[in-house]
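# Notes for the structure review
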Amino acid sequence: MGALEIADAQPAPPFAPVAGTEREIPAQLVLLAMGFLHPESDVLEQLRVARDNRGNVATTRPYATSVEGVFAAGDARRGQSLIVWAIKRGSRMRACGR
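## Looking at the overall build of the chain
Regarding its fold elements, the chain presents three helices and two strands. Starting at the N terminus, the α and β elements of the chain follow one another as β-β-α-α-α. Counting the 98 residues in the chain, one finds 19% classified as buried. Taking all contacts inside the chain whose residues are at least 6 apart in sequence as the whole, residues at least 24 apart take part in 23%.

Shown next as structure tokens:
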């Protein structure tokens, strides 16, 4: 199993990492939502993740999908949107310990 290497970001541009906040989160698969497209259907079908009526990943709070241990945020969960929403959601996930 792999891990995400993360750090808190400074609150203003250029959003550089905050020294001393580095940590790892174990992960087997990480998907990035970029652009104005729906999540990849093939991946969601392979994971057997439930979708909402718009084709986005259906979630409960906090960001849990229908598959235990699989979480979604950003465009995959909300639908196509601006990056500022993804940043906001990522901050909420961090606050939830995800």
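## So, a positive patch on the surface
On the surface, Arg-61, Arg-78, Lys-88 and Arg-92 cluster together into a patch of positive charge. Accessibility expressed as a relative area gives 38% for Lys-88, which makes it partly exposed.

## Quick word on the environment of Val-49
Relative to the helices and strands, Val-49 is located in the loop between α1 (41-47) and α2 (75-78). Overall, the relative accessible area of 8% leaves Val-49 in the buried class. Each C-alpha atom of the pair Val-49 and Thr-65 lies 6.5 Å from the other, and the pair is 16 residues apart in sequence. Discounting residues that sit within four places of it in the chain, Val-49 has contacts with Leu-44, Val-57, Thr-65, Ser-66, Val-67 and Val-70.

## A closer look at a nonpolar patch on the surface
Together, Leu-4, Val-30 and Leu-32 line one region of the surface with nonpolar side chains, adding up to about 270 Å² of accessible area. As for its position among the elements, Leu-32 is in the loop between β2 (23-27) and α1.

## What to know about the pattern of salt bridges
Oppositely charged side chains may form a pair once their charged atoms are brought near each other. Using the criterion set out here, one finds three salt bridges in the structure. Asp-52 is the partner of Arg-54 in a salt bridge, and the nearest nitrogen-oxygen pair spans 3.7 Å. Arg-54 gets classed as partly exposed once you look at its relative accessible area, which sits at 49%. With relative accessibility at 25%, the residue Asp-52 sits in the partly exposed group.

## Things to note about the side chain of Thr-21
You can see Thr-21 is positioned in the loop between β1 (2-6) and β2. Look at Thr-21 and you get buried, because its relative accessible area is 17%. From its side chain, Thr-21 meets the backbone nitrogen of Asp-8 in a polar contact 2.9 Å long. For Thr-21, the contacting residues outside a window of four places in its chain are Ile-6, Ala-7 and Asp-8.

What counts, and where the lines are drawn
Every chain is numbered on its own, with residues counted from 1 as its sequence reads. Side-chain atom pairs in this predicted model are given and counted only at pLDDT of 80 or more, local residue features only at pLDDT of at least 70, and totals for whole chains, interfaces and linings cover all residues. Note that the side-chain values use all heavy atoms of the structure and ignore hydrogens as well as water. The helix count covers DSSP runs of H or I at least four residues long, the strand count covers runs of E at least two residues long, and both are numbered beginning at the N terminus. We call a residue buried when its accessible area falls under 20% of the maximum for its residue type, exposed when it is over 50%, and partly exposed in between, using a 1.4 Å probe and counting protein chains only. Contact between two residues is taken to exist if any of their heavy atoms lie within 4.5 Å; hydrogens are not considered. Each patch is built from residues that are more than 30% exposed by relative accessible area and take part in no salt bridge. Like charges join if they lie within 9 Å; nonpolar side chains (Val, Leu, Ile, Met, Phe, Trp, Tyr) join within 5 Å. In these tables, accessible area is a Shrake-Rupley quantity obtained with a 1.4 Å probe, and a residue counts as shielded only by the protein chains included in the view. Note on definitions: salt bridges are taken to be side-chain nitrogens of Lys or Arg within 4 Å of carboxyl oxygens of Asp or Glu. Only four residue types enter the charge count: Lys and Arg as positive, Asp and Glu as negative, with His and the chain ends excluded. Charged groups are reduced to one reference atom each: NZ for lysine, CZ for arginine, CG for aspartic acid, CD for glutamic acid. Each polar contact in these results corresponds to two N or O atoms within 3.5 Å; when the atoms are within protein, one needs to be able to donate a hydrogen and the other to accept it, and residues that are neighboring in sequence are counted only if both atoms are side-chain atoms.

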